[in-house]
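Listed below are the residues making up each chain.
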Amino acid sequence: MRKTIPLRDRIIVALDVDLPEKARELVTSCESHAGFFKIGLQLFMADWFNTLDWIIDRGHQVMLDLKFFDIPETVKLAVEQVNNRGVSLATIHGNDAIIEAAMLARGDVKLLAVTVLTSFGERDMRAMGMTATIEDLVYYRARAALELGCDGIVSSGLEVERLRNGLGEKLIIVTPGIRPGANLVNTGDDQKRIVTAGKAIASGADHVVVGRPITRNSDPIKIIEQMQEDIELSLTDY
Ligand code: C5P
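Residues numbered from 1 in each chain as written. Predicted model: local features only at pLDDT ≥ 70, side-chain atom pairs only at ≥ 80, totals over all residues. Heavy atoms only, no water.

A. Layout of the sheet that holds strand 4 (residues 89–93). In space, the eight strands of this closed barrel follow the order 1-2-3-4-5-6-7-8, with parallel pairing throughout. Ignoring strand direction, the axes of neighbouring strands in this sheet form an average angle of 25°. Bridge count for strand 3 (residues 61–68) against strand 4 is three bridges, and the pairing is parallel. By the bridge assignment for strand 4, Leu64 is matched with Ala90. (Pairing = 2+ DSSP bridges. Helix = DSSP H or I, 4+ residues; strand = E, 2+ residues; numbered from the N terminus. Axes fitted to C-alpha atoms, helices over the stretch in contact; angles between N-to-C directions.)

So, in structure tokens, the structure goes:
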């Protein structure tokens, strides 16, 4: 049984900009269609919690994507700082000890474990001497995260179907590395394991994270509408 998620919350718009004013401008130009925004390292370094609080005050949801990765105690203390602010989702790295520590501190925020970055490809795996496939590594980490009590995971659209089928509906799956259909080959940027918004949702993702295709577009609403149509269509087919 698929979760019922409003279409306006399916796309999480990544506010990857250098200034709070630009982030607020993006929110006001997208909020008629999208109600979920992601704050990552760039904006957080510029603005700490200010824009985050402002977005939540406007009634939208926020994913805080700082990918906490440190000794378990430090991660636990960092997660405590995110509690009770109205943040919907926050990211941590998917090592067992980190997840266990984060779970001890989890309050009202749902925690997502990053499995393998979508910019990380098979060549990077080989370079690190890893013999497993990315799909297997993602699956192993996601299953461990779920067993440790994590609310969800972040994974590319290429692994979602296997994760959803194997790990069930409870797990929240958020998928970055989203590109519009016409751009699926040779995007020229750092993302390697990419799919369309419709494909990610049809495969079982709850949300997709979209940055540059929206934030670097002269008409962000148009691209959001196109992606939402693609999502609706994929859910009709489902
Ligand atoms: O611009 P683009 O759509 O590639 O942005 C993707 C966003 O998702 C970025 O903010 C990036 O930090 C984030 N992200 C990712 N891969 C992950 C987790 C988060 O690309 N595994």
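B. A look at the site of the ligand. Neighbouring the ligand are 16 residues; Asp16, Lys38, Arg179, Gly211 and Arg212 lie closest to it. Within the contact set of the ligand, an oxygen atom lies 2.7 Å away from a side-chain nitrogen or oxygen of Asp16. Breaking the shell around the ligand down by element, the ones donating at least two residues are strand 3, strand 8 (207–210) and helix 10 (212–215). Split by residue class, the shell around the ligand holds seven nonpolar, three polar and six charged. (Near = heavy atom within 4 Å. Polar contact = N/O pair within 3.5 Å; in protein donor to acceptor, adjacent residues only side chain to side chain. Nonpolar A, V, L, I, M, F, W, Y, C, P; charged D, E, K, R; others polar.)

C. Up close: the pairing of strand 8. With burial as the criterion, each face of strand 8 is covered, one bearing His207 and Val209 and the other bearing Val208 and Val210. Sheet analysis places strand 1 (residues 11–14) next to strand 8, joined by three bridges and oriented parallel. Across the sheet, residue Val13 finds its bridge partner in strand 8, namely Val210. As paired elements, strand 7 (residues 172–175) and strand 8 share two bridges and run parallel to each other. Residue pairing in the sheet places Thr175 in a bridge with Val208 of strand 8. (Buried < 20%, exposed > 50% of the residue type's maximum accessible area, 1.4 Å probe, protein only.)

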